[in-house]
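# Examination of the molecular architecture
Here's the letter readout for the chains.
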Amino acid sequence: MPDLSAMKARLRAPRDDVLIIAHRGVWDPLPENSTAAIRAAAEYDIAEIDVQVAADGGLVVHHDTGLGRMTGRAGALADMPSADLTALKLRQGKGGEAALMTDHSLPDLGAALSAAPELMFDLDAKNAEETRAVALGAAALGAADRAHVKVDVANAEDVAALLQLERDTQVMVAAKIALRGARSLDLIEAVRDADVALAEVWFDDLALLSLAARRAGPTLRLSTYTLDPVHCCGLNDTAARRDPSAVWGVLIDAGITAIMTDEPAALRTYLAAL
């Protein structure tokens, strides 16, 4: 029976490796969050995918609350049952009106997890109130040893809520922490001492990030993102393509050991050259 301790062990060893998190799979020209994009991510460490609850309670893999960008269909995802949603075809890449329609369909969570059976998954519940449902769905699908959800953590009460969610669902829960000032370091320690295995951090101060990495110690892995739409301190994928050392190298030097990117092949090439 899969269990969350196995997922934590996978994240913690080998501790000094930098894990590559493929954002929405490996897309372009494949549709983001499609089973094909997830299958293409199997050569990396983790696939980050977006999960939402359909009208009938089914779990489907899609980022936007609306369906237009990726499927061309009007309406809200939450208003449709999962069987209707998974019948919709997806546009290439990140979609939009100019993108061609493909033969790939919007997947449910089971299809997504089955697309890459050995891959670890970062299940991003797009609606915070649906995080428990996403975790329970992963557990029901037997993925507790290779999937995690994540929640915002800003204080001791949030840490306690994280641990309760982990106990209730038996799926690993990662912490999302905004590093703001010295009190953030105490929060990193609290999360570490609570046996949390992964913290996804936002920061606006590299010196503070380095201090947080030292406080995290050998059991709490710190991750961040270099996505062009969402990143920290100007450290994004576009800049990394020009000079990977000035982006990914800076993060690694500061103590980051998992990076979410839309350029996983370029990150792997950089890591191999270190």
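These numbers were taken from a predicted model, which means no experiment stands behind them.

For the protein, the count of helices and strands is 12 helices and 11 strands. Radius of gyration (C-alpha) of the protein: 18 Å, near the 19 Å computed for a compact globule of 274 residues. In terms of principal-axis extent, the alpha carbons of the protein reach across some 50 × 45 × 30 Å. Counting only residues that meet the buried cut, the protein has 52% of its 274 residues in that class. Sequence-distant contacts, at least 24 apart, represent 63% of the contacts inside the protein between residues at least 6 apart. Looking at the protein as shown, the accessible area adds up to about 11500 Å², and 52% of this sits on carbon and sulfur atoms. Between the centroid of the 26 positive side chains of the protein and the centroid of its 40 negative side chains there is a distance of 1 Å.

Turning to the side chain of Glu130, a few remarks are in order. Of note, Glu130 is situated in the loop between strand 6 (120-125) and helix 6 (131-140). Buried within the structure, Glu130 lacks any salt-bridge partner; its nearest side chain of opposite charge belongs to Lys126, at an N-O separation of 10 Å. Not counting residues up to four positions away in its chain, the partners in contact with Glu130 are Gln52, Val53 and Ala125.

In this section: unusual backbone geometry. The omega torsion of the bond from Asp28 to Pro29 falls at 15 degrees, within 30 degrees of zero and hence cis. If you trace the backbone, Pro29 turns up in the loop between strand 1 (19-23) and helix 2 (35-40). Phi at Asp195 takes a positive value of approximately 70 degrees, unusual for a residue other than glycine. You can see Asp195 is positioned in the loop between helix 8 (183-193) and strand 9 (198-203).

Bringing the pattern of salt bridges into the picture now. Applying the stated criterion across every chain, the model contains 17 salt bridges. Two residues, Asp195 and Lys8, come together in a salt bridge whose shortest N-O distance is 3.4 Å. On the criterion of sequence distance, the pair formed by Asp195 in the loop between helix 8 and strand 9 and Lys8 in helix 1 (residues 4-12) is long-range, its members being 187 residues apart. You can call Asp195 partly exposed: its relative accessible area is 39%. Given the relative accessible area of 5%, Lys8 is considered buried. Across the pair Glu189 and Arg215 runs a salt bridge whose closest N-O atoms are separated by 3.2 Å. On the criterion of sequence distance, the pair formed by Glu189 in helix 8 and Arg215 in helix 9 (residues 206-216) is long-range, its members being 26 residues apart. On the basis of relative accessible area, Glu189 is assigned to the partly exposed category, the value being 25%.

Our next topic: helix 6. Structurally, the α-helix is built with 3.6 residues per turn, so residues lying three or four positions apart point the same way. For helix 6, the complete set of buried residues consists of Thr131, Val134, Ala135, Gly137 and Ala138. The buried residues of helix 6 occupy an angular sector of 160 degrees when projected down its axis, which confines them to one face. Tucked into the core, helix 6 has its buried residues touching strand 2 (46-53), strand 3 (59-61), helix 5 (109-115), strand 6, strand 7 (147-152) and helix 7 (156-169). Following helix 6 by one or two positions, Gly142 adopts a phi angle in the positive range, close to 75 degrees.

Right, let's talk about the pairing of strand 8 (residues 172-179) for a bit. By the criterion of burial, strand 8 is predominantly enclosed, with 6 of the 8 residues buried. On the question of chirality, the crossover connecting strand 7 to the parallel strand 8 by way of helix 7 is right-handed. Here 5 bridges tie strand 8 to strand 9, and the two strands are oriented parallel to one another. Its bridge partner being in strand 9, Ala178 is matched across the sheet by Trp202. For the handedness criterion, the β-α-β arrangement of strand 8, helix 8 and strand 9 is classed as right-handed.

Cut-offs and rules
Residues numbered from 1 in each chain as written. Predicted model: local features only at pLDDT ≥ 70, side-chain atom pairs only at ≥ 80, totals over all residues. Heavy atoms only, no water. Helix = DSSP H or I, 4+ residues; strand = E, 2+ residues; numbered from the N terminus. Rg over C-alpha atoms; globule rule 2.2 N^0.38 Å. Buried < 20%, exposed > 50% of the residue type's maximum accessible area, 1.4 Å probe, protein only. Contact = heavy atoms within 4.5 Å. Areas by Shrake-Rupley, 256 points an atom, 1.4 Å probe, with all protein chains shown as cover. Lys, Arg positive; Asp, Glu negative; His and termini not counted. Charge placed at Lys NZ, Arg CZ, Asp CG, Glu CD. Salt bridge = Lys/Arg side-chain N within 4 Å of Asp/Glu carboxyl O. Arc of directions from axis to C-beta. Right-handed = clockwise from strand over helix to strand, strands pointing away. Pairing = 2+ DSSP bridges.

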